[in-house]
Every structure is written in structure tokens, then in C-alpha cells.
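# Architecture at a glance
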2 protein chains.
Amino acid sequence: MSLDIDTDMETLQAIQTRRSVRAFSEEPIPEELLRRILEAATSAASGGNLQPWGFVIVRNSRRLQALRALAPGIIGQPTALVVICLDIQRAEQLGGALGPRLAWIDIGLATQNLLLAAHDLELGACPVGSFHRRALALFMDLPSHIRPVLLIALGYPETKPSFPGRRPLMEVCFAEQWGEPYEY
Amino acid sequence: MSLDIDTDMETLQAIQTRRSVRAFSEEPIPEELLRRILEAATSAASGGNLQPWGFVIVRNSRRLQALRALAPGIIGQPTALVVICLDIQRAEQLGGALGPRLAWIDIGLATQNLLLAAHDLELGACPVGSFHRRALALFMDLPSHIRPVLLIALGYPETKPSFPGRRPLMEVCFAEQWGEPYEY
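Residues numbered from 1 in each chain as written. Chains lettered and ligands numbered in written order. Predicted model: local features only at pLDDT ≥ 70, side-chain atom pairs only at ≥ 80, totals over all residues. Heavy atoms only, no water.

On to the pairing of strand β1 (residues 53-58) of chain A, then. Within β1(A), six of the six residues are buried, leaving the element largely enclosed by the surrounding structure. Neither face of β1(A) is open: one carries A:Trp53, A:Phe55 and A:Ile57, the other A:Gly54, A:Val56 and A:Val58, and all of them are buried. Here β1(A) pairs with strand β5 (residues 173-175) of chain B via three bridges, running parallel. Following the sheet pairing, A:Val56 is matched in β5(B) by B:Phe174. (Buried < 20%, exposed > 50% of the residue type's maximum accessible area, 1.4 Å probe, protein only. Helix = DSSP H or I, 4+ residues; strand = E, 2+ residues; numbered from the N terminus. Pairing = 2+ DSSP bridges.)

Rendered as C-alpha cells:
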């Protein structure tokens, strides 16, 4: 490809420095970058390799405007949106009462790859869970077994987000059993 | 730190080359690496930054043996296991009927960071969803609001796993609306 794409961010560094970006410039995202982001998302592991997901990329400005109206969780004006969908038919193939829930984890695995790839490519991204699901499903022409579960706002970052903080490792990590201090 | 840790893997490369590893050598995992892996997991985004997760690291060989008995999904002999838990109390703070389900996505976001960090640190990892949840919760002394949702087998890879394949991008990615070919 002729694009001079900067992809030299070390993995742990990308993981540590990724932030949710909610302010975007008007600069459009090159198609090649969108493709790489989607390749990253679909490279995630999934239960039984079922890949119970689907992705719709929206870049048309009128459609973006309509989606913003359906999704109060979108802040700022992203230049692209990815609608991440759960394929209920595939999810149920995982089997057992927990099958469909485990498929939600698969969606998370793919989403984190997508977020890290965007960050690596110097784009900003923000997951959005707050939107009108039924209206969005209609608007996106989703078949009944395809459920929209998450939106990802994408664009070039306008500002550098601050770090919202994390719970201390000692509060969420334990050794051998719950409650035993993790002291590595 | 005195450890000579190789962490120079580019992010997209790590995403593309990560595989589920199911055969491990006996070489133990340095504590510093486990800490980095957990730091990566807890660096993930989460809805409302609620971080509805908990992690228990098991390295004791007798406890690993017991966990293998509770988890038919574990293949090979990992030198460490991470029990990834969902904090139902926090999950419910997300609000709405979908709150707890969105928390499963958060678990996926943290898990993918964990898997990529392990890969970057030249470790192998495999998510395992098949285990006796009630027995494992008892064995790990989990409080009632903490649910074990996923196990991650960890260790140095003994063999190089083959690529299980992925659905073609054209099958899972669409442009503007479902069914419209994605041709970037």
C-alpha cells in the first residue's frame, strides 16, 4: 500500500496508553486503516472459533447524523461508526445455558482488538453502549438474528483524553483464592 | 527490574499472530510477567469505567491439578491459571436490562488485553469456558456476587499452534447497512 501508516507501537504500550476518545477532528479515516481495524477485530479468539459477530461500518455523513440521533451515548462528531453486532444463531451453537453469554465475551475480545488497532493507527475510538437498539436495528436493516450490542465511535483525536483511573491491582487481583492478597 | 523481558512486539502484529496455546512446557512464569499481564487486563475500558471484574491467579501445583479436574476444557498442563470473574454487583450499576450483559463485554475487553500481553511476553494462553461453575466458585472461595466466567490457561508454549482460520471479512463486515458489501 502506498499509505505511510505508522504502526510501530509496542503491544503493552498500546494497551497501557489507549484511552476512550470523545472529541474528533474532521479529518476522514483512510479506507486502508478501516480495513486494518476490522481485520484486527476479526482476529480475536472466540468460543469454538464460532466468531459470533458482525460489523457494519458507517461513514456516510447523513447516516452518521441519524445514528447520533439514535445514540445519546455518542459524544463529539466521529467520522466513522462501527456497529458491532452479535449473531444470536451462532451464539446459540456454543451450547448450554451460558453459550449466548459467552458470546458476549467474544464480542468483547473482538472489540478490544478493534480499539487497540485504532490506537496503534493513531485513531481515537470510544465504545458506546447507550443507544436505541430497536430503532438502530431497523435503520441498519439487521436480520432478526443479528443484534446490535455496541457502537464504536472512530475518528482522529482532537484532544488527548485524561486517564480516568483504575481500581488498584490489589483490589481486583488475588492469589490462589479470592481474598488472598496478590503481592507479586 | 532485572528481568530481561522481551516486549517489542508491534500491536497489530501481536493481534494477528496470537493463537490459543494448549500445550505448555514446565518452565514456570516469572512473577513480574504475571503482574504485567494483570496490569494489561485491568487497563481495558469498561462501561462507565466500573471495571466489573476480578482475577484470581493460581500457580500452586496441587490447586492447578484440582482446577483441571473441575474444568474439562483445560487441555495440557498450564503452569498458571487465571480465573476471570464478573462482579455482579458492579455489573448491575451499569443500569438497564442490558447492564449486566454489557459487563460480559467488559470481561471480554479485559481478557483480550490479557491474551495479547501474554503473547507479547512470549507466553501462551488459552481461554476456557467449559468448567463446573458452582464447584469452582466454592473451591476459589468466591463471594456470592462474584461469578467465575472464564479460565485462562497460561504457560510457555511447547508447540506452535496452527491457525484455525477466520470467516472472510466480506462475510462479517458490511458498509453503511447490513448486507451491503464491504469492499475497502
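On inspection of all chains with the given rule, the structure shows 14 salt bridges over all chains. With a shortest N-O distance of 3.6 Å, A:Arg63 and B:Glu176 are connected by a salt bridge. In this pair, A:Arg63 is assigned in helix α3 (residues 61-70) and B:Glu176 in the segment after β5, connecting two distinct chains. With relative accessibility at 16%, the residue A:Arg63 sits in the buried group. The salt bridge partner of B:Glu31 is B:Arg59, with a shortest N-O separation of 2.9 Å. Residue B:Glu31 is found in helix α2 (residues 31-41), and its partner B:Arg59 is found in the loop between β1 (53-58) and α3 (61-70); the two are separated by 28 residues along the sequence. (Salt bridge = Lys/Arg side-chain N within 4 Å of Asp/Glu carboxyl O.)

In this section: the sheet that holds strand β2 (residues 80-87) of chain B. With respect to topology, five strands assemble into an open sheet ordered β5(A)-β1(B)-β2(B)-β4(B)-β3(B), the strand pairing being mixed. Two strands lie at the open edges of the sheet, namely β5 (173-175) of chain A together with β3 (124-128) of chain B, each paired on one side alone. Strand-to-strand twist of the sheet, defined as the mean angle between neighbouring strand axes without regard to direction, takes the value 25°. Relative to β2(B), β1(B) runs antiparallel, the two being bridged by six bridges. (Axes fitted to C-alpha atoms, helices over the stretch in contact; angles between N-to-C directions.)

Considering the arrangement of structural elements, one finds A:Glu10 in the segment before α1 (11-17). Within the buried core, A:Glu10 has no salt-bridge partner, and the shortest N-O distance to an opposite charge, that of B:Arg36, equals 6.8 Å. (Lys, Arg positive; Asp, Glu negative; His and termini not counted.)

Nothing here speaks to function; it is geometry throughout.
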